[in-house]
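Reading the structure
Chain by chain, the residues:
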Amino acid sequence: MLRIGQFTDTFLPIVDGVGRVALAYSETLCKMGHQVTVVTPMYDTGFRGGYPFELVDFTARKVPGMHQYKTGEAPWDPHYRKRMRMIPLDIAHAHSPFTAGSEALRLAVLRKIPLVATFHSKYYDDFLKVTKSETLAKAGVKFVVDFYNRCDEVWAVGQNPADVLHEYGYEGDIQVMPNGVSLREADPRAIEEVNRRWGLKKDPVLLFVGQMNWKKNILTVLEACAALKAQGKKFQLVLAGQGPDMREIEHKISDLNLKDRTHLAGHVTDMALLDGLYSRANLFCFPSLYDAAPMVVREAAVMGTPSVMVRGSTAAEIIRDGENGYLCENNALDLARVISAALSDEKKRLEVGQNARETIPVPWEGIMEKAVERYTRLIALGKEGKLNRKYLRVI
């Protein structure tokens, strides 16, 4: 049995892609018989029973400009530190380079245990959006690279994200550790609830799930839908999620005369209901240029729903055009063209959806077997004093 710390800046109940990966790691590792402790900023209080892992959170405050997220300094929370002193760890795994990652680094140094970190996101884009300064965004990327340079091993969720981290300036080796997914079937009652709750008719459903943030290329989805409407195509658009640009997105929906075709589902926390949305959708529209290995595309594939993504994007690494999904150019007219073609050939669309279900989802259990092998190797090297402990200079 390994004693593993999972350190993440996003977690329940705000489960974005990174938070959901950390949750899946934690739940699956526990099922495999390992002891997992999740360290994260405090998002919720009250009764939180039922987790198979230990959740130790530290006091936090909202992130300026990104109010759905929180940040804090774990070392300044005496209650957190008291709890963590009682929890032994064999290895620390950071899912971000920020506050939770800094705490993973601090504990790895203090306890002389290995530190693994996964690269999930294109942080330059986030820094630029918040600071509106290329200089500050580049300084943020330097901070990120400096963090990964201090880790014993670095993982990325795909080859394209690994390439991005190297482009940022990281020169070390990177292990590709893809995201998995839980294989399951949609509950017919959940599909019925989806139809009832959002008033979905028989027309085809186009679905987007993710942050309501322009960086996700939502504008391209909206403009493509406006083009489809102008062409007289029948469809319904469902946007599920929350985020900093929600109000602007609502205004754009109105400006494009799409209010009668668009349903804003908000942040869907019920996984059965979310599965119902995926299953009800005819196409999952996800033209993001920001995401690395989006969980939502894999979850749609589990439900047999093919995705439409931008050709050459990091998010589309797993898509083979016309086989297990669809690819478009990064513009609204081409996205509209691909959507129209896919919806006009129902037999082909169903075949592509079935291929997506068979080729894209990889069970988390298989991913975690590989992760445990890497963890075990690093722990053994640490005990033998054979790790390159370059971060020990940092306190």
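Rules of the game
- Residues numbered from 1 in each chain as written.
- Predicted model: local features only at pLDDT ≥ 70, side-chain atom pairs only at ≥ 80, totals over all residues.
- Heavy atoms only, no water.
- Helix = DSSP H or I, 4+ residues; strand = E, 2+ residues; numbered from the N terminus.
- Contact = heavy atoms within 4.5 Å.
- Areas by Shrake-Rupley, 256 points an atom, 1.4 Å probe, with all protein chains shown as cover.
- Lys, Arg positive; Asp, Glu negative; His and termini not counted.
- Charge placed at Lys NZ, Arg CZ, Asp CG, Glu CD.
- Pairing = 2+ DSSP bridges.
- Axes fitted to C-alpha atoms, helices over the stretch in contact; angles between N-to-C directions.
- Core = buried A, V, L, I, M, F, W, Y, C linked by side-chain atoms within 4.5 Å.
- Buried < 20%, exposed > 50% of the residue type's maximum accessible area, 1.4 Å probe, protein only.
- Polar contact = N/O pair within 3.5 Å; in protein donor to acceptor, adjacent residues only side chain to side chain.
- Parallel < 35°, antiparallel > 145°, perpendicular 65-115°, else oblique.
- Nonpolar A, V, L, I, M, F, W, Y, C, P; charged D, E, K, R; others polar.
- Phe/Tyr/Trp six-rings, centres within 6.5 Å; stacked < 30°, edge-to-face > 60°.
- Lys NZ or Arg CZ within 6 Å of the ring centre and 35° of its normal.
- Expected span 1.5 Å × (residues − 1).
- Arc of directions from axis to C-beta.

With respect to the overall build of the protein chain
Along its length, the protein chain carries 14 helices and 15 strands. Taken along its principal axes, the extent of the C-alpha atoms in the protein chain is 65 × 45 × 40 Å. Expressed as a percentage of contacts within the protein chain between residues at least 6 apart in sequence, the contacts between residues at least 24 apart total 70%. When the accessible surface of the protein chain is split by element, carbon and sulfur atoms take 51% of a total near 17500 Å². Averaging the positions of the 52 positive and the 48 negative side-chain charges in the protein chain gives two centres separated by 3 Å.

Considerations on the sheet that holds strand 11 (residues 236-240)
The six strands lie next to each other as 12-11-10-13-14-15, forming an open sheet whose pairing is parallel. Either end of the sheet is taken by a strand with one partner, and the two such strands are strand 12 (262-266) and strand 15 (326-328). Strand-to-strand twist of the sheet, defined as the mean angle between neighbouring strand axes without regard to direction, takes the value 25°. Pairing between strand 13 (residues 283-285) and strand 14 (residues 307-310): two bridges, direction parallel. Residue pairing in the sheet places F284 in a bridge with S307 of strand 14. Relative to the sheet, helix 12 (residues 332-344) contacts strand 10 (205-209), strand 13, strand 14 and strand 15, its axis offset from that of strand 15 by approximately 155°.

Observations regarding the nonpolar core
One finds L206, L277, Y278 and F284 to be the most contacted residues of the largest nonpolar core, which totals 63 residues. With 38 residues, the next largest nonpolar core counts Y80, V141, A162 and Y168 among its residues.

Thoughts on unusual backbone geometry
At K112, a position not held by glycine, the phi torsion is positive, near 55°. Along the polypeptide, K112 turns up in the loop between helix 3 (99-111) and strand 7 (115-119). On the accessibility criterion, K112 (62% relative accessible area) is exposed.

Details of the side chain of D152
Along the chain, the position of D152 falls in the loop between helix 5 (134-149) and strand 8 (153-156). In terms of polar contacts, D152 uses its side chain to reach the backbone amide nitrogen of L115, at 2.8 Å.

Remarks on the packing of helix 1 (residues 17-31) against helix 14 (residues 364-383)
Their axes nearest at 10 Å, the elements helix 1 and helix 14 cross at an angle of 80°. Accordingly, the angle class assigned to the pair helix 1 and helix 14 is roughly perpendicular. Residues V21, A24, Y25, T28 and L29 of helix 1 touch helix 14, and the partners they reach there are W364, E365, M368, A371, V372 and Y375. Tallied by class, residues from the contact of helix 1 with helix 14 come to nine nonpolar, one polar and one charged.

A look at the packing of aromatic side chains
Going through the model one piece at a time under the given rule, you end up with 16 aromatic pairs. Summarising the aromatic geometry, the rings of F98 and Y123 are spaced 5.2 Å apart at their centres and angled 90° between planes, so their arrangement reads as edge-to-face. Here F98 is found in the loop between strand 6 (91-94) and helix 3, whereas its partner Y123 is found in helix 4 (residues 123-131), with 25 residues between them in sequence. Exposure remark for F98: the relative accessible area of 27% places this residue in the partly exposed category. For Y123, a relative accessible area of 5% translates into the label buried. Arranged with centres 5.7 Å apart and planes meeting at 70°, the rings of F119 and Y123 form a pair that is edge-to-face. Overall, the relative accessible area of 1% leaves F119 in the buried class. Lying over the aromatic face of W198, R197 brings its terminal NZ or CZ to 5.6 Å of the ring centre. In this arrangement the basic side chain of R261 is found over the ring face of F235, its NZ or CZ atom lying 4.8 Å from the centre.

So, the sheet that holds strand 2 (residues 35-41)
Spatial ordering of the open sheet is given by 3-2-1-6-7-8-9, a layout of seven strands whose pairing is parallel. Because the sheet does not close on itself, it has two edges, and the strands there are strand 3 (54-58) and strand 9 (175-176). The pairing of strand 2 with strand 3 spans five bridges and is parallel. In the sheet register, T40 faces strand 3, and the bridge partner there is D57. Strand contacts of helix 3: strand 1 (3-7), strand 2, strand 3, strand 6 and strand 7, with the helix running at about 145° to strand 1, the strand carrying the most contacts. In this fold helix 5 packs onto strand 6, strand 7 and strand 8, with an angle of close to 140° to the strand it touches most, strand 7.

What to know about helix 5
An α-helix turns once every 3.6 residues. As a result, residues three or four positions apart point the same way. An ideal rise of 1.5 Å per residue puts 22 Å on 16 residues; helix 5 measures up with 22 Å between its terminal C-alpha atoms. Within helix 5 the residues assigned to the buried category are A137, G140, V141, V144, V145, F147 and Y148. What you see down the axis of helix 5 is that its buried residues fit within an arc of 155°, all on one side. Structural note: helix 5 exposes T135, K138 and K142 on the side pointing more than 90 degrees away from its buried face. Looking at the buried side of helix 5, the elements it contacts are strand 6, helix 3, strand 7, helix 4, strand 8 and helix 6 (159-168).

What about the side chain of S96?
As for its placement among the helices and strands, S96 is situated in the loop between strand 6 and helix 3. The exposure class assigned to S96 is buried, which follows from its relative accessible area of 6%. Within the structure, the side chain of S96 is placed 2.2 Å from the side chain of D9, a separation counted as a polar contact. For S96, the contacting residues outside a window of four places in its chain are F7, D9, G101, Y123 and F147.

By themselves these figures say nothing about function.
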